[in-house]
Every structure is written in C-alpha cells, then in structure tokens.
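The chain contents come next:
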Amino acid sequence: MACLSPGFPAYAQSHQKIDSLKQVLAEHSGDSSEVKVLLNLSWHYAYSSYDSGLYYSREALKLSQAIEFAKGIGHALHGIGFNYYRKGQWDSATVYYEKSLAAKQEIRDSLGISLTLNNLGNVHKYKGEYARALAYYQQALTMKFALGDSSFAATTITNIGAIYTIQEKYQQALENYHLTLKINRTYGGRTAPISIGTTLNHIGVVYMYLEDFPQAINYFEESIETFDSLYNKCRAVEPMINIGQCYFQMGKLDLSLTYLRPAYAQSKECNVSDTTIPCLLSLGRIYRKKGLLSQSETSFLEAYRLANEYDLKPNMEESALVLYQLYKEKGHFRKALDFLEINTKIKDELSNEDLTKQLTTMELNYTFEQERDSLEYQKQAELLTVNSKLERQRIVQYVVVIGLIIALIFALVIYRYYRLGQKAKVILEKKNQTISESLNEREVLLQEIHHRVKNNLQVVSSLLNVQSKYLNDELAKKAVLEGRNRVQSMALVHQKLYQSESLSQLDVHEYLEELAQSLFQSYDISEDRIQLSSQIEPVNLSLDTTIQIGLIINELVSNALKHAFPHEQGGTISLSLRKQDDLYELEVSDNGVGISSESDLQKSYGYRIVKSICRGLNGTISLHHLQGTSFKLSFAA
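Remember, predicted model here, so these are calculated numbers, not experimental data.

Caption draft 1: Structural detail: the sheet that holds strand 1 (residues 530–536). With respect to topology, five strands assemble into an open sheet ordered 1-2-3-5-4, the strand pairing being mixed. Edge positions in the sheet fall to strand 1 and strand 4 (620–624), since each has one partner strand and no second. Sheet twist, expressed as the average angle between the axes of neighbouring strands with direction ignored, equals 10°. Both strand 4 and strand 5 (residues 629–635) contribute to a ladder of five bridges, which runs antiparallel. Residue pairing for strand 5: Thr620 is matched across the bridge by Ser634. Along the sheet, helix 23 (residues 543–563) makes contact with strand 1, strand 2 (571–580), strand 3 (583–590) and strand 5, crossing strand 3 at roughly 20°.

Caption draft 2: Helix 10 (residues 192–209), seen in detail. Between its first and last C-alpha atoms helix 10 spans 26 Å; for 18 residues at 1.5 Å apiece the expected length is 26 Å, and the two agree. In terms of burial, helix 10 is largely enclosed, as 15 of its 18 residues are buried. Positive backbone phi, approximately 65°, marks Glu211, located one or two places after helix 10.

Caption draft 3: Fine view of the pairing of strand 2. Note that strand 1 and strand 2 share seven bridges and pair parallel. Residue pairing across strands places Ser534 opposite Leu575, the latter belonging to strand 2. Of the crossover connections in this fold, the one passing from strand 1 over helix 23 to the parallel strand 2 is left-handed. As paired elements, strand 2 and strand 3 share eight bridges and run antiparallel to each other. Looking across to strand 3, one finds that Leu575 is bridged to Val588. A loop of two residues connects strand 2 with strand 3, the two strands running antiparallel in sequence, and Asp581 in this loop sits at a positive phi of about 60°.

Calculation rules
Residues numbered from 1 in each chain as written. Predicted model: local features only at pLDDT ≥ 70, side-chain atom pairs only at ≥ 80, totals over all residues. Heavy atoms only, no water. Pairing = 2+ DSSP bridges. Helix = DSSP H or I, 4+ residues; strand = E, 2+ residues; numbered from the N terminus. Axes fitted to C-alpha atoms, helices over the stretch in contact; angles between N-to-C directions. Contact = heavy atoms within 4.5 Å. Expected span 1.5 Å × (residues − 1). Buried < 20%, exposed > 50% of the residue type's maximum accessible area, 1.4 Å probe, protein only. Right-handed = clockwise from strand over helix to strand, strands pointing away.

This is the structure in structure tokens:
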C-alpha cells in the first residue's frame, strides 16, 4: 500500500516540483500510487491555486472510492477540507474535516486522525471559538505523543501558543513556542524546518504586542531566513508584513514601506487573502500618514474589495472604517457617510442575533410567562401542603408530651385546621377556575394573534404582488416577488399555528410540503414538467427552528425552480429532513443543469440569507454539484 502525505505541502513550492509530479502522474493508472501523487499535487497547489488544489483532492477522492482505497478516501477528504480552509471557507472546511475524521477512525488511522483533529482546531481558532479549538488541539497532542511523533506534536503546541497570544497570555504563549523550537531542533523531522520558521514568526508577534520592536524584528528576520532557505516565499510573506508593522509603529515609515511593498507583491502572487488584506491596510495607513491620500485611498478600496469578495466581515468592517476616516479628511462627506453606514451595518451583523430569531421573540416570551405562572401556582400549592404537614407533626408531638389533658386542645386544633382546610380548598378551587379561564383566554388571544399576523403578512404579500405588476425593471420585479415568497413562508407558519391544537408546535412534515407546493404554484410550474419528491421524517422542532428551516427551503427550492431546469427542461426536486443521532439533516437537491460557478453562488443574496440562517442554527452547510445541485444542512435543534 502506498504511503500517503500527512497533510503538509512539500518544502519547495517550485514549478519544477509540480511538473515533476505531473510527469509521475502520467505514468500511473488507477492505483493507490496515483492517489498519492494526486494528493501531493493538491498540497503543493494549496499555497498557490486553491481551485487546482481542490481539483486534485477531488480526483484523489474519486479514484480512492473507485478502487475502494479506504486510507486514500480519508486523506482526500482531509485535502478538500484543507483547500477550503486555505480559501477561508470555514464551514465547508469543517464539513470535510469531519468526514475525513470519520473515515480515518473507521480504519483506525491514528496519525491521520491526529492531523485532522489539529486542523479542526485551526478552523475553530480562526472562527474565534477558542475553547473548542483548544479541545481539538489537546486531543491531537495526546495522540501524537502516544505515537511518539514529536515533530507533529510540536506543530500542535505552536497552535496552542497562538491561542494564548490571542488571549494576551504572553508568558504561556512564549513557553509553548520555545518548547516547539526545542522539539524541532532536537528531533528534526520532515516538517521541522517549516515548523521552526512558523514558530519564530509567532514569537516575534508576541514581542511586537509587548512593544519590544527590536526583539520582534530579530525573530521575524530569522523566520524569513528559514523560509528563504526552503524556497518557500509564500510563507515568508507574513513575517515581512510584521516587520513593516513594527517599523510603522516605531515611526519609520520609509523603512516600513521597504518591507510592505514586496510583501504585497508576493502575497498577490501566492493568492493568499489573509495576508493580502492586512498588507493593503498597513500600506494605506502609511500613505495616509505621509499625506499621499490618493495612494492611501487605492489601498483601502482594494482591501475592502477583497474582503467583500471573500466575505471576510471583520476585514470589511475595518476597511470601511478607515475609508470613512479618509474621505472625511478629504472632505468627501457623501462617500464618508456611505462607508460609515457600511461599517455600522457590518457591526450590527456581527453583534446582533439573526433576524429570523427575532421574529418569534414575543411568542417565546409569552410561552415563558405562561409556564412561569403555572409553576408559581404549583409552588404555592406545594408550600401550603408542606406547612400543613409540619404543623400537624408539631401538634402530635405536643399531645404525646402533655397527654390526655391536651387531648381536648388537640381536638380543637384539628377541628380548626379542618375548617381552615375547607376554606383553603374553596379558595384553591376558585384560583384553579380563575387560572383555567385565564389560560383559555390567553390561548384564544394567542390564536387570534397568529390569525391576525397571518392576515397581515398575506396583505403584505398581496401588496408586493400588486406592486410587482407596476414595475418595468425585471430585476426589481424579481426581487419584489422573491420578497413576497419569503413573507408567504412566514405567513404559512402562523396559519398552521392558529389551525393547530398546539400553539407552540406545528406539524413540520405538513408545513414543509405545503410550503414547497406553494412555491411550485408561485412560479407556475407544472407537475408534469418538474416533480417534487419529499422524504420528511416526523421530527419535533421548535417554532423558531421551523421558521428558519422554512426560510432556507424557500430560498433553495426557489433557486432550483428558477435556474435548474432552463428551456422547459424536466426533472425532479428532492426535499428530505431526517434526524441522525443528535443532529438533524436537511437536504434540498435537483437533477438539473447544476451551477456554473461556486463563486457566483457566494455572491447570491439568497445564498447569503441561507448561510446567515445556518449560522443562527449553529449548523454547517455543504454544496455538491457533480450531478445537478445538492445543498445539505446539518444542525442540532
């Protein structure tokens, strides 16, 4: 069986190495050795061309599945996840890493498992989920030490140090980094030189945060020398940018530019967005400080464009802020206001909860108050019972001590409490009746609220439909009609609720099928041309989750009806919802023409709505478009 690459690119990223691998690839035909070559090509391209890296990883996966090469399947899935990680598409990276982990666990590939755990930690680190990242790192570290693999263990120790740096625990970070250097310099290994260069850069970052700039620059220069010795210019970009930022903070602007300009050129050549954007922002700040406002504007605008292209919202927020400040300084107040609005909007998107979740806040509050009132009543009834028992026990003890003389008093007390009990019973019955009537009134009121909300939403839908008939612009008309469908999907929930016996839950199967049928009618689709196939299991979802799932289905089914079957082409749209273990899986697929480009899909407003709702559910969404198009959403309700 061929030995597979452990998940790191070879040291030299030269075209000669890639050409050599392609020549070797031509000599193999459908065996495990060809899988190894495909994966090596994927690792090389991961630092220069993500699309090429994804292509070779997917080819490796196809071949491994065809020849039933289990180890190859696990590593190919890891390779796809790694290329998505390099592109900054964290959700897709997570999906494929988890698939890789499952495949490797099935064949007990301990080394492969430890590498995938490490990379899952990297994904959660970049998403800001540090607790989850540390948990994955600790699992990976335990396995690597158990395998006696000191070199790969050093890589994970560096990652843990990076989290300490983010949390401003600089002493702990330095301890981890120096331990990594000691391991790599003592035991060596194939990946040791790259790990040493990366660790030196991390140590420099710590000293930069501590404002010990000369010490930081020494470590950054040593990192660059290490990567240059490996002919790995792409990895040298980050320490070059860091040196430029050190000199900027020291007020040495010209010296800063001597590092940032070549770093920017190299970053563009390597096509690495997570270094290109910070480099552009640093260049823009220097130009602005030097009074070169036109060059500063060009750098800031390019940083904003790239951040928008890759949907990197923190970078978009920062770029919009510096553009607002620059245009304000130049006296272009209209442009300044535009970017201030963008900055504010992105801040709101990053800090506020999902819009769909807010739509049901009032209903959830009402349900909570209703449950709270019921619990308060139970508490008072139980308290009355407990007090009565305690008092009776005290009376019994008193009678035993005093004897027959207190018997009469005991009888009188019992009689007194009997009368009090009768009165309490009457009072409790009246309270029960009052509470029951109040609950009935609230249920009727809530039912009426659902009815009115449904009617109001239908009025809005009708107004949008009427308005669309007076629009000449096809794009505007399309946007209005799509908005109408979204309103109808929410109106359908309220219609089902006021018709249902339960005002807090509805029949998910019935709701989703009726929603899909309404979309077919909205787009005037004949069942003879496009069929709907649904496999929706009976599941219990909260009202909040059901509304969000409805909005997702509205977007995905609408998209399939509009684009999957052009020129009156026929086909099938499939809809499924099932629960596996603790996760729910929603899948919407078609056997149509498929999408032409994933990058076009990323720009779609409807797909952005789907991704936003998916994040609100703490779920992951994946896309497959080999035969038609399939979207799969996994979430925990």
